[in-house]
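# Descriptive analysis of the structure
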Amino acid sequence: MLSTTLAEVRTVPASGRSAPRGSHPLRLDIQGLRAVAVGLVVLSHAGVAQVGGGYVGVDVFFVISGFLITSLLLRELAATGRVSIRAFYARRALRLLPASSLVIAVTLAGAWLFLSKARLAEYAGDALAGALYAVNFRLAAAGTDYLAQNSPPSPFQHFWSLAVEEQFYLVWPLLLLLGWRAARGRRRLVVVPLGALVLGSFAVSVLMTDSSPSWAYFISLTRGWELGAGALLALATARLERLPAALAGPLTWLGLVCVVLAAVWYDDRTPFPGHHALLPVLGTMLVLAGGCAPAAHGAGWLLGRRPLVWLGELSYGWYLWHWPLLVIAPAALGRTDGTAGVPLALGLCAVALGLAWLTLRLVENPVRFHRAFRGRPRRALVLGAGLTAGATALSLTAAAVPPTIEVGGPAPVLAEALADAPDPQTRLAELLASSPVSLPSNLTPALPKVKSSRSAVYRDGCHVDHDSTRTPSCVYGDPASSRTVVLFGDSHAAQWFPALQRLATARGWKLVSLTKASCKVADVTIISDHEPYTACDTWRSHAVAKISTLHPALVVVSSSDAGDPAQPADDPLQQWTTGFEDTLRDLGTSGAHVAVLLDTPWPKGDPVDCAAKNSLHLRACANHLPDAIHDATRHTALRSAAAATGTSIIDPEPWVCAPRTGTCPVVVGDTAVYRDDSHLSEAYAEALTPVLAPALDRLLGTG
């Protein structure tokens, strides 16, 4: 992959190059192909719209790596009949670890200085996983967490591809050795089991891209076939060298066109990897295959040009440096949104290229080619272990001793203040008006833990994910109660679960939770992940039918005001009003009282990160009405639909924003109001139980 050395590029004959007998000429076309691949990745990350699919550059690197590393191993097997596992990992350690350990250390320092103090422990965990080549699993798990999807990216996110490669090479040398011995050195017999593994990995990739896209994108099981495809090509090198020039040349151009076509054709809406990864993978294989035979007018003529070869030599370092700069530098430069526009991003990538050159000259080459390690794999492994241990220790230290977030004095305990108040609503209004200027010293939970707090509805898997249409039986409170209350909607309904669970326990209700990620209550098909969210429509109809069979006493309905219709109408107000009316009428057929909780006012940006940065000036993070209302049209539509269907309305606006000033603080009493850019925190929702209770008690006739 990116870590393939220039020496490893010498492992197979090159197009249009001659070499002395017994030597292995440079494959300059491969260096140029690496330059194309890293260029596509960098331009895509910089936000250049014309190469929205530039992420396919990683797939190109996987194929190249499988081809070159397998070629090296095959040479060793042919010469000695064995593979020195120790020497193999020694070479990997010398090539990978000096540069990656340096980047991890510098990136961690940059995150400490400039990124959110509330997320430093998370970043340190990513650094640790990156040092141990396991960050892809961490990212896959985070990608399935709906509540974490809007968080800024980790500066260590790009280490996932290195992790995939190294996980592959944990097993591949041994598998190749066993296959070689079983086949008694006959390459064509080694192809059969390897081909089966490639096909199996590809099939898993296709299936998981549909069912679990985050896991499909990041894990080695679904990416292994790309490295394996390069390995298959290496096994066929002897035959490929005999390709006629009239065929080899066009193959290389066709392959290069396939790679570039994927980069400009795909974008973030393309389900990937799955079958879409075939185009860049096959394209790379064509370039490599055609380059095995002399072809004066093949793509090697372009890829072997000095600028591309030079860039290919720097590709590993450029890949390592460009992403941390894109994530950290905007924050260091004081950009409030934390992102870089395309001009700044391209400038930062140019700086990263300079850092890559310095790293190659001052770190990578001096270590890799030092005479102390020549023919001494044990020393190289000791160095690798030392570098990994150092990066691990640095990451653990950063997690254990995070940067200090300055705080002020203690504040009233919100939950106790509301629970003990004769009139909780009046007391809450007072606390909203006198929200702390500085982060309270008794903030509960502590700011770094606000985002990670999860109620039982998430821990139990009861909040249905994006692609699922199931309606699990999730019952809380008193399962034997004759009085059933249903919570129905999306994550902005699920945010009220802590309060409803507390009420259900206290009142003896049977609480049934039916919520799904981003699925609106209104019977309107919306766009999600750039396509019609039909899974929501199916789930909604199943959920409404299930509610009817439950015969609940009360259905509490809520959903976010975000989301655009798949087929926008000329009159959005009427479109949403009709959609809400349809659902509310269907819910009413169950005989239950239906209560609509309007969407809560939204903060501006990420309130947790803002509070960490402005811990002594929290007012800088507060939003204000009416700006905090995400979609006034949706509010009006829901009120109209409720009036038309006789549905009760509960407006949480005065529970989040001070009634007189319209200020929506990020901290009230000792509690953070929000956990991210739209959801209430678990602690705040639970603290509001005494404020929510009277409205629900009246509807149930128990007030």
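Remember, it's a predicted structure, so these values are computed and weren't measured experimentally. Numbers given to residues run from 1 along each chain, matching the order in which its sequence is written. In keeping with the model being predicted, local features are shown solely for residues with a pLDDT of at least 70 and side-chain atom pairs are shown and tallied solely at 80 or more, while totals for entire chains, interfaces and linings include all residues. The basis for every side-chain value is the complete set of heavy atoms in the structure, and neither hydrogens nor water enter the calculation.

## Describing the pairing of strand E4 (residues 510–516)
Three labels apply to residues, based on accessible area from a 1.4 Å probe with only protein chains included: buried if under 20% of the type maximum, exposed if over 50%, partly exposed otherwise in between. Helix and strand definitions follow DSSP, with helices as H or I runs of at least four residues and strands as E runs of at least two, each counted in order from the N terminus. Taking burial as the measure, the seven residues of E4 include six buried ones, the bulk of the element. Two elements, strand E1 (residues 463–464) and E4, share two bridges in a ladder whose sense is parallel. Following the sheet pairing, His463 is matched in E4 by Thr515. Note that strand E3 (residues 484–489) and E4 share six bridges and pair parallel. By the bridge assignment for E4, Val485 is matched with Leu511. DSSP-based pairing: two strands are paired if at least 2 bridges between them are found.

## Quick word on the state of the cysteines
Criterion for a disulfide: a pair of cysteine sulfur atoms at a distance within 2.5 Å. Scanning all chains against the criterion turns up four disulfides. In this model, Cys519 is linked to Cys536 through a disulfide, with the two sulfur atoms separated by 2.0 Å. Handedness of the Cys519-Cys536 disulfide follows from its S-S torsion of about 85°: it is right-handed. Of this pair, Cys519 sits in the loop between E4 and strand E5 (527–528) while Cys536 sits in helix H24 (residues 534–550), placing them 17 residues apart in sequence. For Cys519, a relative accessible area of 0% gives the class buried. The disulfide bridge from Cys657 ends at Cys664, spanning 2.0 Å between sulfur atoms. Between Cys657 and Cys664 the disulfide shows an S-S torsion of about 95°. By sign, it is right-handed. Look at Cys657 and you get buried, because its relative accessible area is 1%.

## Description of the nonpolar core
In these notes, a set of buried Ala, Val, Leu, Ile, Met, Phe, Trp, Tyr and Cys residues joined through side-chain atoms within 4.5 Å is what counts as a nonpolar core. Core analysis: the biggest nonpolar cluster contains 120 residues, and Leu33, Phe67, Phe159, Trp160, Trp172, Leu288 and Trp318 have the highest contact counts within it. Looking at which element gives the most residues to this core, the answer is helix H2 (residues 56–80), with 13 residues. The contact partners of Trp160, leaving out residues within four places of it in the chain, are Val58, Phe62, Val135, Asn136, Leu139, Tyr217, Phe218, Arg223 and Tyr319. Core analysis: the next-biggest nonpolar cluster, separate from the first, contains 49 residues, Tyr476, Tyr684, Ala687 and Leu699 among them. Only heavy atoms matter for contacts: two residues are in contact if any of them lie within 4.5 Å across the pair.

## A word on a positive patch on the surface
Exposure above 30% relative accessible area and the absence of a salt bridge qualify a residue for a patch, where like charges join within 9 Å and nonpolar side chains (Val, Leu, Ile, Met, Phe, Trp, Tyr) within 5 Å. All accessible areas in this document rest on Shrake-Rupley with a 1.4 Å probe, and a residue is counted as covered only by the protein chains that are shown. Put simply, a salt bridge is a Lys or Arg side-chain nitrogen that is within 4 Å of an Asp or Glu carboxyl oxygen. Here Asp and Glu are counted as negative and Lys and Arg as positive; His is not counted, and neither are the chain ends. Just so you know, the charge point we use is NZ for Lys, CZ for Arg, CG for Asp and CD for Glu. Judged by side-chain charge, Arg184, Arg186, Arg188, Arg239 and Arg242 come together as a positively charged surface patch. Relative to the helices and strands, Arg188 resides in helix H7 (residues 187–211).

## Section: helix H1 (residues 28–45)
Take the number of residues in a helix, subtract one, and multiply by 1.5 Å to get its expected span. Taking 1.5 Å per residue as the helical rise, H1 with its 18 residues ought to reach 26 Å, and the 26 Å between its terminal C-alpha atoms agrees with that figure. Among the 18 residues that make up H1, 15 are buried, leaving the element largely enclosed by the rest of the structure. Two residues or fewer past H1, Gly47 is found with a positive phi of approximately 90°.

## Regarding the confidence of the model for the chain
The predictor rates its confidence in each residue with pLDDT, a number between 0 and 100. Model confidence for the chain is summarised by a mean pLDDT of 92, while 95% of its residues fall at 70 or above. Segment residues 10–23 is flagged for pLDDT under 50; beyond a separation of four residues in sequence, or across chains, it makes 33 contacts in the model.

## Section: the environment of Asp465
Structurally, Asp465 can be placed in the loop between E1 and strand E2 (475–477). For the pair Asp465 and Gly605, spaced 140 residues apart in sequence, the C-alpha separation works out to 24 Å. Not counting chain neighbours up to four residues away, the residues in contact with Asp465 comprise Lys516, Ala517 and Tyr533. Throughout this description, a polar contact denotes any pair of N or O atoms lying within 3.5 Å of each other; where both atoms belong to protein, one of them has to be capable of donating a hydrogen while the other can accept it, and for residues adjacent in sequence the pair is counted only when both atoms sit in side chains. Within polar-contact distance, the side chain of Asp465 engages the backbone nitrogen of Ser468 at 3.0 Å.

## Topic: the pattern of salt bridges
Opposite charge on two side chains lets them pair, provided their charged atoms get close. Under the defined criterion, the tally for this structure stands at 19 salt bridges. A salt bridge links Glu364 to Arg95; the shortest N-O distance between them is 2.2 Å. With Glu364 in helix H16 (residues 342–368) and Arg95 in helix H3 (residues 85–114), this pair connects stretches of sequence that are 269 residues apart. In terms of burial, Glu364 and Arg95 fall into one category: buried. Notably, a salt bridge pairs Arg634 with Asp631, separated by 3.1 Å at the nearest N-O pair. Per residue, the accessibility class of Arg634 equals that of Asp631, and both read buried. Three or more residues are tied together by salt bridges with common partners; here these are Asp59, Arg223 and Glu226.

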